[in-house]
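Analysis of the macromolecular model
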Amino acid sequence: MTDPLTFADARTLQQQGDIGRFIKHHMAEARRAAAHRRGLVLRYPDLAAKLTEPPVGFSSPDKWNGYIPPATDCTGAMNTARCRPALLALVAEAERRLKQPKEIAASVEEVAA
């Protein structure tokens with residue numbers, strides 16, 4: 001993770017004419033990361049189904065765009081959104097499964113079923 005942007009950093013970027021490029025770069029990176037997380041979770045039907053259960057609660061799995069609320073709010077206070085830990089757990093499980101050899105993953109899914 002990078003250091004947070006300070007007002008002085010933003011002022012310097014603006015003075016140098018780079019603020020727009022900075023924002024576009026980070027927005028594109030956030031969209032790419034969200035799309036990656038979404039693809040990981042939706043790849044596994046059982047994980048995708050959990051997107052419709054509390055505390056996440058989407059009407060269907062495909063409604064989730066991959067966004068996970070940040071750890072802190074704009075004041076620096078802990079984000080207490082109940083969906084955050086659940087979404088992090090789903091992504092972590094999808095990443096874990098992706099790294100497993102296919103034979104092991106298939107046998108684990110058979111046992112779970």
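Residues numbered from 1 in each chain as written. Predicted model: local features only at pLDDT ≥ 70, side-chain atom pairs only at ≥ 80, totals over all residues. Heavy atoms only, no water.

This part covers the overall build of the protein chain. What the protein chain contains, in helices and strands, is five helices and zero strands. Start at the N end of the protein chain and walk to the C end: the helices and strands fall as α-α-α-α-α. Split into buried and exposed, the 113 residues of the protein chain put 21% on the buried side. Sequence separation of at least 24 residues holds for 46% of the intrachain contacts in the protein chain that already meet a minimum separation of 6. Here the protein chain displays about 8400 Å² of accessible surface, and carbon together with sulfur accounts for 60% of that area. (Helix = DSSP H or I, 4+ residues; strand = E, 2+ residues; numbered from the N terminus. Buried < 20%, exposed > 50% of the residue type's maximum accessible area, 1.4 Å probe, protein only. Contact = heavy atoms within 4.5 Å. Areas by Shrake-Rupley, 256 points an atom, 1.4 Å probe, with all protein chains shown as cover.)

A separate point is the environment of Thr72. Along the chain, Thr72 falls in the loop between α3 (45–50) and α4 (83–99). Given a relative accessible area of 36%, Thr72 falls into the partly exposed group. In this structure, Thr72 is in contact with Ala77, Met78 and Asn79, ignoring residues within four places of it in sequence.

As a further point, take the nonpolar core. Side chains that are nonpolar tend, in soluble globular proteins, to be buried together. One finds Val41, Leu47, Leu51, Trp64, Leu87 and Ala94 to be the most contacted residues of the largest nonpolar core, which totals 13 residues. Mapped onto this core, the elements with two or more residues apiece are α2 (19–42) and α4. Of all the elements, α4 adds the most residues to this core, at five residues. Residues in contact with Leu47, not counting those within four places in the same chain, are Val41, Leu90, Glu93, Ala94 and Arg97. (Core = buried A, V, L, I, M, F, W, Y, C linked by side-chain atoms within 4.5 Å.)

Glancing now at unusual backbone geometry. For the peptide bond that leads from Pro54 to Pro55, omega is 10 degrees, which places it in the cis range. With respect to the helices and strands, the residue Pro55 is situated in the loop between α3 and α4.

Summing up the model confidence of the protein chain, the mean pLDDT is 89 and the portion of residues at 70 or higher is 88%. Across the protein chain, the secondary-structure element scoring lowest on mean pLDDT is helix α5 (residues 102–112), at 64, and the one scoring highest is α3, at 97. (pLDDT = per-residue confidence, 0-100.)

In this section: the packing of α2 against α4. At a closest axis distance of 9 Å, the pairing of α2 and α4 adopts a crossing angle of 70 degrees. When the axis of α2 is compared with that of α4, the two are roughly perpendicular. Here α2 and α4 pass one another in a crossing that is left-handed. In contact with Arg37, Leu40 and Val41 of α2, α4 contributes Leu90, Val91, Ala94, Glu95 and Leu98. Taken together, the residues of the contact of α2 with α4 sort by class into six nonpolar, no polar and two charged. (Axes fitted to C-alpha atoms, helices over the stretch in contact; angles between N-to-C directions. Parallel < 35°, antiparallel > 145°, perpendicular 65-115°, else oblique. Left-handed = near helix turned anticlockwise from the far one by under 90°. Nonpolar A, V, L, I, M, F, W, Y, C, P; charged D, E, K, R; others polar.)

Looking at the secondary structure, you find Ser60 in the loop between α3 and α4. A polar contact is formed between the side chain of Ser60 and the side chain of Asp62, at a distance of 2.4 Å. (Polar contact = N/O pair within 3.5 Å; in protein donor to acceptor, adjacent residues only side chain to side chain.)

Further remarks concern the pattern of salt bridges. All told, the structure shown has five salt bridges when counted by the stated rule. Residues Arg21 and Asp18 are paired through a salt bridge, measuring 2.2 Å at the closest nitrogen-oxygen approach. Given the relative accessible area of 57%, Arg21 is considered exposed. Linking Glu29 and Arg32 is a salt bridge whose minimum nitrogen-to-oxygen distance equals 2.8 Å. Taken together, the residues Glu29 and Arg32, both in helix α2 and three residues apart, mark about one turn of the helix. Here Arg32 falls in the partly exposed class, since its relative accessible area comes to 46%. Bridged by salt links that share partners, the residues Asp46, Glu93, Arg96 and Arg97 form one connected network. (Salt bridge = Lys/Arg side-chain N within 4 Å of Asp/Glu carboxyl O.)

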